[in-house]
Amino acid sequence: MKFKPYSIMDRLGLDDNCQFEFFFSYLDYYYQHLSKLCDLSNIIDIKSFLLRGVSKILDIEQSIHLLASENRDLNSIFALTRTAIDYFSVLNLFYNKTSNKDERLFRIILYELDGLTSRIEMLQHETDFNPQHISKLDYDKINQQCIHAKEADEKVCKYLRSRLCYFPFIDIVNTKIISKNIWKYKHIESHEFYSWEEMYNMYFNANVSLFSQRYLSHYVHGLAISDIQYFSAKSELPNIHLSMAISIMGHLLKMIQNTFADDIKELDEEFKVNIIPYFLNDIPHEIIAEISKEISHHSTID
């Protein structure tokens, strides 16, 4: 499960930290420039949705790298790794496994509706006032905030549901997909949906998928493995989190290259000239050119 430029740098003897910084810088370079071309607050725009996802994963990976550099807090590192994998699995379903742009936007709207309706349901349950825990003034302020948030979410939901009617395939969509906001559906005409494990399998091999689904869950939910391995793993931190991060970021680069094909030509050239030599300053020019070529040609997994 290696992105081709990662394999080239691996053969050159560059360590995981160097490779991580390379791919992080490349992805962040894209994000910083492309985010100026989009309205990132637009929740029903394919490009904006991808960039928001990239931004979240960049933040997570930076946190992981900072924690790992101090060789501490293994629980947080593995919990954050699982979060990054989950975010990536959503983007992978939308941008790699859903080729039709109309259907991709359809999934995005259902995804947003799923989140909004969940929040509305949470906001409907008013907490009883307890003067031992909170003042009446603060309690009333929070209640008003909840009311306003619920009203705002309901307006957005109404708008998003109205947008669903305009998709050309709406007449064949299973009604449960819309009523239950099933953005993980397998087929438009069926309400069956992918499990998270199945979504992991779309990208990772079976062993890595099992690792993501079961092993990392122990660190997310505070289960036994996180206790049993705490001191042994902490004393010699494994680099699996960096390998996963490098692979994920490599494939996010590919998603951006596919989605922003008309916007990144100059960015790629600028990155090759200004950034790549900084990371590979001791490597022959022809090898740098090979790495650049692999990235520019939408590299795949070895």
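Coordinates for the structure precede this section.
Residues numbered from 1 in each chain as written. Predicted model: local features only at pLDDT ≥ 70, side-chain atom pairs only at ≥ 80, totals over all residues. Heavy atoms only, no water.

Draft legend 1. Region of interest: the pattern of salt bridges. For the structure shown, the criterion picks out seven salt bridges. Ionic pairing is found between Arg-82 and Asp-86, a salt bridge with its closest N-O pair at 3.3 Å. In this pair, Arg-82 and Asp-86 both sit in helix α4 (residues 74–95), four residues apart, roughly one turn of the helix. Taken individually, Arg-82 and Asp-86 each receive the classification buried, so the pair is uniform in this respect. Glu-154 is paired through a salt bridge with Lys-150; the nearest N and O atoms lie 2.8 Å apart. Here the residue Glu-154 and the residue Lys-150 both occupy positions in helix α6 (residues 136–164), the gap between them amounting to four residues, near one helical turn. Looking at Lys-150, the relative accessible area reads 22%, which means it is partly exposed. (Salt bridge = Lys/Arg side-chain N within 4 Å of Asp/Glu carboxyl O. Helix = DSSP H or I, 4+ residues; strand = E, 2+ residues; numbered from the N terminus. Buried < 20%, exposed > 50% of the residue type's maximum accessible area, 1.4 Å probe, protein only.)

Draft legend 2. Spatial organisation of the packing of aromatic side chains. Applying the stated rule across the entire model yields 17 aromatic pairs. Between Phe-94 and Tyr-111 the ring centres are 5.8 Å apart and the planes differ by 90°, which places this aromatic pair in the edge-to-face class. Within this pair, whereas Phe-94 is found in helix α4, its partner Tyr-111 is found in helix α5 (residues 101–123), the two being separated by 17 residues in sequence. Judged by relative accessible area, Tyr-111 falls into the partly exposed class, the value being 21%. Ring centres of Phe-94 and Trp-183 lie 5.8 Å apart, and the angle between their planes is 85°; on these two criteria the pair is classed as edge-to-face. In this pair, Phe-94 is assigned in helix α4 and Trp-183 in the loop between α7 (175–179) and α8 (196–201), connecting sequence segments 89 residues apart. Assessed through its relative accessible area of 6%, Trp-183 is described here as buried. (Phe/Tyr/Trp six-rings, centres within 6.5 Å; stacked < 30°, edge-to-face > 60°.)

Draft legend 3. Region of interest: empty space enclosed by the protein. The full count for this structure, using the stated rule, is one cavity of 30 Å³ or more. Of the volumes computed, that of the largest cavity is approximately 50 Å³. Those elements that place two or more of their residues in the lining of the largest cavity are α3 (46–69) and α4. Considered class by class, the residues forming the lining of the largest cavity number five nonpolar, one polar and one charged. (1 Å grid on protein atoms, 1.4 Å probe; cavity = no way out; pocket = protein on both sides within 12 Å on 5 of 7 lines; lining within 4 Å. Points joined across faces, edges and corners; volume = space filled by probe spheres on them. Nonpolar A, V, L, I, M, F, W, Y, C, P; charged D, E, K, R; others polar.)

Draft legend 4. Region of interest: the nonpolar core. Ranked by size, the top nonpolar core spans 77 residues in total, and within it Tyr-95, Phe-106, Leu-252 and Ile-256 carry the most contacts. Excluding residues within four positions of it along the chain, Tyr-95 makes contact with Ile-46, Phe-49, Leu-50, Arg-104, Ile-108, Met-255 and Thr-259. (Core = buried A, V, L, I, M, F, W, Y, C linked by side-chain atoms within 4.5 Å. Contact = heavy atoms within 4.5 Å.)

Draft legend 5. View of the packing of α3 against α4. Their axes nearest at 10 Å, the elements α3 and α4 cross at an angle of 160°. On the basis of their axis angle, the class for α3 and α4 is roughly antiparallel. Crossing handedness for the pair α3 and α4: left-handed. Its residues assigned to classes, the contact of α3 with α4 shows 17 nonpolar, five polar and two charged. (Axes fitted to C-alpha atoms, helices over the stretch in contact; angles between N-to-C directions. Parallel < 35°, antiparallel > 145°, perpendicular 65-115°, else oblique. Left-handed = near helix turned anticlockwise from the far one by under 90°.)

Draft legend 6. Inspection of unusual backbone geometry at higher detail. Phi at Asn-181 takes a positive value of approximately 55°, unusual for a residue other than glycine. Structurally, Asn-181 is set in the loop between α7 and α8.

Draft legend 7. Layout of the environment of His-187. Residue placement: His-187 occurs in the loop between α7 and α8. On a C-alpha basis, the gap between His-187 and Ile-177 in space is 9.6 Å, while along the polypeptide they are 10 residues apart.

Draft legend 8. Quick peek at the layout of surface pockets. Put simply, the largest pocket is a space of about 280 Å³. Considering the residues around the largest pocket, the lining is formed by 17 residues, among which His-125, Glu-126, Thr-127, Asn-143 and Cys-146 are closest to the centre. The class makeup of the residues in the lining of the largest pocket is eight nonpolar, six polar and three charged. Lining the second largest pocket are 13 residues; nearest its centre among them are Lys-101, Arg-104, Asn-258, Thr-259 and Phe-260. Elements with a minimum of two residues in the lining of the second largest pocket: α3, α5 and α12 (240–259). Per element, the largest residue contribution to the lining of the second largest pocket is three residues, and it comes from α12. Among the residues making up the lining of the second largest pocket, the classes are represented as five nonpolar, three polar and five charged.

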